[in-house]
Amino acid sequence: MTPLVRRSTDPAKLAVPPALPRPTREEAEAAVKTLLLWAGEDPAREGLLDTPKRVAKAYEEWFGGYSVDPVDMLKRTFDETDGYDEMVLLRDIRFVSHCEHHMAPIVGRAHIAYLPLNRVVGISKLARVVNAYARRMQIQERLTAQIANTINDVLEPKGVAVVIEAEHGCMTSRGVNTHGTSMVTSRMLGAFRTDPSTRREFLTMIGNPQNTAML
Ligand SMILES: Nc1nc2c(ncn2[C@@H]2O[C@H](COP(=O)(O)OP(=O)(O)OP(=O)(O)O)[C@@H](O)[C@H]2O)c(=O)[nH]1
Ligand SMILES: [Zn+2]
């Protein structure tokens, strides 16, 4: 395998999928076999024979976000809105991500709002952007910032708001073992940052009592 080069730790650069040499599929499957042995299993037992293959395939889905471009997803916009300039909100976008510290699942939902300026985007594209960033190794703060920054940069609206609530498998199934604890992060840009009533309207519309502290 070609030695890996060190990745940038600059969050802005992490928004772009890093072009690093990849191990072969066989090498990835061998790594899964090693982990099975490390866990105390026998990778040659019948039930585990195909597991390295399945895990490699699952990784293609869980980490498919590295091979898509969230900026591209937002490029097609519609401007025949008859001057619609109120908030557009997409609520409860369920996602699964993986924490970069433990590679454990982060399971949660995102709420996204923006205040359009002359053009709107196909609404499914907001959920696509969430998945594009969620299907990478993440910390929740960066996931939240990347979604908001990308929408802001491409659509250039009057404001963008993103709130994410999620449970971290690394906290619920190991370590501190806190079941039912969720992490809440937000990023407010433009009018959502500068205008308290716009922010309040958004937080009321997502209807989450946990967010009253932000009102
Ligand atoms: N801020 C932030 N922290 C996270 C996220 N996901 C996991 N963590 C935390 O990252 C930290 C990693 O801490 P370490 O002390 O290096 O790892 P650890 O010994 O496994 O920590 P414990 O989970 O406390 O057992 C832990 O406190 C995790 O709870 C995230 O999305 N954002
Ligand atoms: Zn973790």
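Residues numbered from 1 in each chain as written. Chains lettered and ligands numbered in written order. Predicted model: local features only at pLDDT ≥ 70, side-chain atom pairs only at ≥ 80, totals over all residues.

Looking at an unreviewed UniProt entry, one finds the chain named GTP cyclohydrolase 1 and attributed to Oceanibaculum pacificum. One UniProt comment on the chain, placed under Sequence similarities (unreviewed entry), says "Belongs to the GTP cyclohydrolase I family." (UniProt positions renumbered as here; feature names shortened; annotations may be inferred.)

1. Thoughts on the pairing of strand E3 (residues 105-115)
Among the 11 residues of E3, 8 are classified as buried, and the element is accordingly described as predominantly covered. Looking at chain direction, strand E2 (residues 88-99) and E3 are connected through 9 bridges and run antiparallel. Pairing of Arg94 across the sheet is with Arg109, part of E3. Two successive antiparallel strands, E2 and E3, enclose a turn made up of 5 residues, where Met103 displays a positive phi of approximately 55°. (Buried ≥ 20, exposed ≤ 12 C-beta atoms within 10 Å, placed from the backbone. Helix = DSSP H or I, 4+ residues; strand = E, 2+ residues; numbered from the N terminus. Pairing = 2+ DSSP bridges.)

2. Concerning helix H9 (residues 196-206)
All buried positions along H9 are accounted for by Thr198, Arg199, Phe202 and Leu203. Here the buried residues of H9 occupy an arc of 130° about the axis, which is enough to place them on one side. Relative to its buried face, H9 has exposed residues pointing more than 90 degrees away, namely Pro196, Ser197 and Thr204. For H9, the secondary structure elements touched by its buried residues are E3, strand E6 (159-168), strand E7 (183-190) and helix H8 (191-194). At the C-terminal side of H9, Gly207 shows a positive phi close to 55°. (Arc of directions from axis to C-beta. Contact = placed C-beta atoms within 7 Å.)

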